[in-house]
Amino acid sequence: MNSAEPVRPAIPQVREVKASVLAAFQLVEDARYLGSERRTHRERSRLMVERTVASRRLARDLLAS
């Protein structure tokens, strides 16, 4: 290497392609999580609580029988 050549960076440069692929993947995952309809935070929280209560009741009933 002579003084006319540029110095290579110590860390590799991040490619924009990777970032856009990750962003697209995140959009798909968000769409799956949120579903096709928009729900408020309160509605999502209530749904999670209802699922938790149902699973605990099922577990309790299975242990009792």
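Report follows, based on the coordinates. (Residues numbered from 1 in each chain as written. Predicted model: local features only at pLDDT ≥ 70, side-chain atom pairs only at ≥ 80, totals over all residues. Heavy atoms only, no water.)

**Some words on the overall build of the protein**
Going by this rule: Each helix is a run of H or I in the DSSP string that is no shorter than four residues. Each strand is a run of E no shorter than two, and both are numbered from the N terminus. Throughout this description, buried means an accessible area under 20% of the type-specific maximum (1.4 Å probe, protein chains only), exposed means over 50%, and partly exposed covers the range between. Methods summary: accessible areas were calculated by the Shrake-Rupley approach with a probe of 1.4 Å, and residue burial reflects only the protein chains presented.
In terms of helices and strands, the protein carries two helices and zero strands. Sorting the 65 residues of the protein into buried and exposed places 0% on the buried side. When the accessible area of the protein is evaluated, it comes to approximately 6,900 Å², of which 58% is carbon and sulfur surface.

**Comments concerning the pattern of salt bridges**
The condition that has to hold: By definition here, a salt bridge exists when the distance from a side-chain nitrogen of Lys or Arg to a carboxyl oxygen of Asp or Glu is within 4 Å.
The full count for this structure, using the stated rule, is two salt bridges. Its salt-bridge partner being E50, residue R46 comes within 3.2 Å of it at the nearest N-O pair. With R46 and E50 both in helix α2 (residues 41-64), this residue pair falls four residues apart, about one helical turn. Here R46 falls in the exposed class, since its relative accessible area comes to 59%. When its relative accessible area of 42% is taken as the criterion, E50 is described as partly exposed. The closest approach of N and O atoms between R60 and D61, which form a salt bridge, is 3.8 Å. The class for R60 is exposed, based on a relative accessible area of 55%.

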